[in-house]
Amino acid sequence: MPLFWSLPLEKYGLGFTSFQNGIAFGVFGLMAVIYQVGFFKLTMKLMNQKNAYLFSSKLFVVSTLLYPVSAVFFTHFGVQTWTKAVTWTFMSLVMLVSAIAFMLGLPLMSSMISNVSDPRRQGLVIGTAQSLSSFLRSFGPIISGGIFSLSTIVRFPALSFIFLSSLYLLCGIMAFFFTEEEVNRLESPPKRIEEIELEEQKEAQTAKQSKENQKRIERKGLLAEEVETGDKESIDLRSSLSDH
C-alpha cells in the first residue's frame, strides 16, 4: 500500500508524502483495532468458521482490487479540495474493508489449525505452521516488489493488486470445498488428550471384538461344512452296503 500511495500522479499513484502515508497507516490501524475489539466476537456469533473465512477472503479480494481505484479522482480531475476529500473518503472505506479482512482472516487461521490438530502434537503443528508462514512471507517482498516495479514500467499499478487478489481468491476457493465433517472439526473445540486416548482404546476394543466375531463365524461355517460332508459320506456308505 505505501508504495502505491507514494507513487507519483503521472504514474497513476496518489503522490502521498511521508506524512500522508503515516496518516493513512494510522487510520488503517485504528480501524483494525476497533473491529477486533468491538465486532470480531459478534461476527463469529453470526457465522461459523468456514463462512467467516470465506467472508474474509471475499473482503480481501474486493479491498485489494479497489485500492488502485482510489487514484482515479486525482488522475482525471487533478488534485483539488473536493478530489482530496473524495479520495480520502473512498480510501478510508477501502481500508475499513481491508482491516476487517485482516482482523477476521488471520485469527481464524490460527483457530482452525488449533482445532483440527491432535492435542498431543498441537505445539508442533502450530509451530510448524507459523514457521512456514514466516518463511513464505520472506518471498512476499520479492515477488510483490518485482510485480510492482513492472507495473510502474507499464504504467499499470493495478497489476500487483490483481496478483494479490488472485491469491486471496484461491485461498477462498480452497475453503469453499471443505466437507461437512471438516467443518464440524473446525467448529468443535480441541479435545483433551485423555478423551482422545479413551476414544482410541474404544476403537481398538471394537476392532478386536469385530475380529473375534469374524473368527467365530468362520469357525461355525467350517463346522457346518464338516457336518454336511460327514453326513454325505455316511449316506454314500449306507447306499454302497445296501447294493451289496
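Heads up: these notes are all about the structure in this document. Worth saying up front: this structure is predicted, and the values here are computed from it rather than measured.

Another point: helix α8 (residues 139-153). With 15 residues, α8 should cover 21 Å at 1.5 Å per step; its first-to-last C-alpha distance of 21 Å lies within 8% of that length. Taken together, the buried positions of α8 are occupied by I147, F148, S151 and T152. On an axial view of α8, the arc spanned by its buried residues comes to 145°, and they lie on one face. Exposed side of α8, more than 90 degrees from the buried face: I142 and I153 are the residues found there. Where α8 is buried, its residues meet α1 (2-5) and α9 (158-176). With its phi angle positive at about 60°, R155 sits one or two positions after the end of α8.

Before going further, it helps to spend a moment on unusual backbone geometry. The phi dihedral of Y12 is positive, around 65°, even though this residue is not glycine. The topology assignment puts Y12 in the loop between α1 and α2 (18-38). Assessed through its relative accessible area of 34%, Y12 is described here as partly exposed.

According to the stated counting rule, one finds eleven aromatic pairs in the structure shown. Summarising the aromatic geometry, the rings of F60 and Y168 are spaced 4.4 Å apart at their centres and angled 20° between planes, so their arrangement reads as stacked. One end of the pair, F60, is in helix α4 (residues 49-66); the other, Y168, is in helix α9, and 108 residues separate them in sequence. Among the residues examined, F60 registers a relative accessible area of 8% and is labelled buried. Taken together, the aromatic side chains of W5, F16, F25 and W88 make up a single cluster linked through ring pairs.

What follows covers the nonpolar core. Membership of the largest hydrophobic core comes to 18 residues, with the highest contact counts inside it found for F4, W5, L14, F16, Y67, M91 and M95. Breaking this core down by element, the ones donating at least two residues are α1, α2 and α6 (81-116). Discounting chain neighbours no more than four positions away, the residues touching W5 are L14, G15, F16, N21, A24, F25, Y67, M91 and M95.

As a further point, take the packing of α2 against α6. Axis separation between α2 and α6 bottoms out at 8 Å; the angle between their running directions is 45°. When the axis of α2 is compared with that of α6, the two are oblique. Here α2 runs over α6; the crossing is right-handed. Between α2, through Q20, I23, A24, V27, F28, M31, A32, Y35 and Q36, and α6, the contact on the second element is made entirely by W88, M91, S92, M95, L96, S98, A99, I100, F102, M103, L104 and P107. Class assignment of the residues belonging to the contact of α2 with α6 gives a composition of 17 nonpolar, four polar and no charged.

About the cut-offs
- Chains are numbered independently. Their residues run from 1 in the order of the written sequence.
- Local features in this predicted model are restricted to residues of pLDDT 70 or higher, and side-chain atom pairs are both shown and tallied only at a pLDDT of 80 or more, whereas totals for entire chains, interfaces and linings draw on every residue.
- Hydrogens and water molecules were not included; the side-chain quantities draw on all heavy atoms of the structure.
- Numbering of helices and strands runs from the N terminus; a helix is a DSSP stretch of H or I covering at least four residues, while a strand is a stretch of E covering at least two.
- The span one expects for a helix is its residue count, reduced by one, times 1.5 Å.
- The buried label goes to any residue with under 20% of its type's maximum accessible area, the exposed label to any with over 50%, and the partly exposed label to all in between, with areas taken from a 1.4 Å probe on protein chains only.
- The arc in question is the one traced by the directions running from the helix axis out to the C-beta atoms.
- Between two residues, a contact is recorded if the distance between any of their heavy atoms is within 4.5 Å.
- Each aromatic pair joins two rings of Phe, Tyr and Trp (for Trp, the six-membered one) with centres within 6.5 Å, and gets the label stacked for planes under 30 degrees apart, edge-to-face for over 60, and tilted for any other angle.
- Grouping buried Ala, Val, Leu, Ile, Met, Phe, Trp, Tyr and Cys residues that are joined through side-chain atoms within 4.5 Å yields what is termed a nonpolar core.
- Whenever a helix is involved, its axis is fitted only over the stretch in contact; in every case the axis is a line through C-alpha atoms, and angles between N-to-C directions fall within 0 to 180 degrees.
- When describing relative orientation, an angle under 35 degrees is termed roughly parallel and one over 145 degrees roughly antiparallel, while 65 to 115 degrees is termed roughly perpendicular and anything else oblique.
- Should the near helix be turned anticlockwise from the far one by less than a right angle, the crossing is termed left-handed; should it be turned clockwise, right-handed.
- Basically, the charged four are Asp, Glu, Lys and Arg, the nonpolar ten are Ala, Val, Leu, Ile, Met, Phe, Trp, Tyr, Cys and Pro, and anything else, Gly included, counts as polar.

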